[in-house]
Structures are given as C-alpha cells and as structure tokens.
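Breakdown of the fold
The chain contents come next:
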Amino acid sequence: MAGQVTRRQMGTWLLKHGFHALKGRMIGHVQYEGPGGVKITLPGHGPQDLTKKHVALILRALAGAGFDRERVRRELAEG
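On inspection of all chains with the given rule, the structure shows two aromatic pairs. With centroids separated by 5.6 Å and ring planes inclined at 65°, the aromatic side chains of Trp-13 and Phe-67 adopt a geometry described as edge-to-face. Here the residue Trp-13 occupies a position in helix H1 (residues 7–16), and Phe-67 occupies one in the loop between helix H2 (52–64) and helix H3 (69–78), the gap between them amounting to 54 residues. Like Trp-13, the residue Phe-67 is buried in the burial classification. Clustering of aromatic rings is evident, with ring pairs tying together Trp-13, Phe-19 and Phe-67.

Our focus in this paragraph is the packing of H2 against H3. At their nearest, the axes of H2 and H3 sit 9 Å apart, and the two run at 130° to each other. Considered as vectors, H2 and H3 are oriented oblique to each other. Once H2 is placed against H3, the crossing between them reads as right-handed. Taking contact as the criterion, the partners of Leu-59, Arg-60, Leu-62 and Ala-63 in H2 are, on H3, Arg-69, Val-72 and Arg-73.

Turning to the environment of Glu-70, a few remarks are in order. With respect to the element layout, Glu-70 can be found in helix H3. Residues Glu-70 and Leu-59, eleven residues apart in the sequence, show an inter-C-alpha distance of 9.0 Å.

A few words now on the pairing of strand S2 (residues 29–33). Across two bridges, the pairing between strand S1 (residues 20–21) and S2 is antiparallel. Opposite Ala-21, over in S2, you have Tyr-32 as the bridge partner. Inspection of the sheet shows S2 paired to strand S3 (residues 39–43) by five bridges, in the antiparallel sense. Along S3, the bridge assignment pairs Val-30 with Leu-42.

Here is what the cut-offs are and how they apply
Residues numbered from 1 in each chain as written. Predicted model: local features only at pLDDT ≥ 70, side-chain atom pairs only at ≥ 80, totals over all residues. Heavy atoms only, no water. Phe/Tyr/Trp six-rings, centres within 6.5 Å; stacked < 30°, edge-to-face > 60°. Helix = DSSP H or I, 4+ residues; strand = E, 2+ residues; numbered from the N terminus. Buried < 20%, exposed > 50% of the residue type's maximum accessible area, 1.4 Å probe, protein only. Axes fitted to C-alpha atoms, helices over the stretch in contact; angles between N-to-C directions. Parallel < 35°, antiparallel > 145°, perpendicular 65-115°, else oblique. Left-handed = near helix turned anticlockwise from the far one by under 90°. Contact = heavy atoms within 4.5 Å. Pairing = 2+ DSSP bridges.

This is how it looks when you write it as structure tokens:
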C-alpha cells in the first residue's frame, strides 16, 4: 500500500461494508462484527496508524469472509 492506514479509515471502511461496532468492554480495543460473523479488532489506543502486519491480518480475515483483498486495498488507499 502506498501509505499508512489509520484506525479511523479502517473503521469507516468496515461500517460502510456491513460491519457494526460491538458494545465496548474494558479491553481498550474496538471490535466490529460483519457478514458471516467475522470479527475484526482494531486497537483503541496507541498510534493512529495501523502496522503493516495488522493491516495484513485484517485483509486476510476479510478475504476469508468473502471480500476481494485487492479491492479492499484499493478502497483503503483511496480513502
């Protein structure tokens, strides 16, 4: 990816594509549940930019849920 992906960008993308935020617990992270029961966890603290490893893990989970990995990458890079 050309640039970093922020937590806000990823959260917005998830909400636009059928995910909903789960009720927060005292863990400091934000969880989203989407189609097929797939859950994505974003850190709720620390730097705004997600690490390359975290983005790769999220893309892998989304691909397993039926999303096109390359399309997700393009949409995140645009927004």
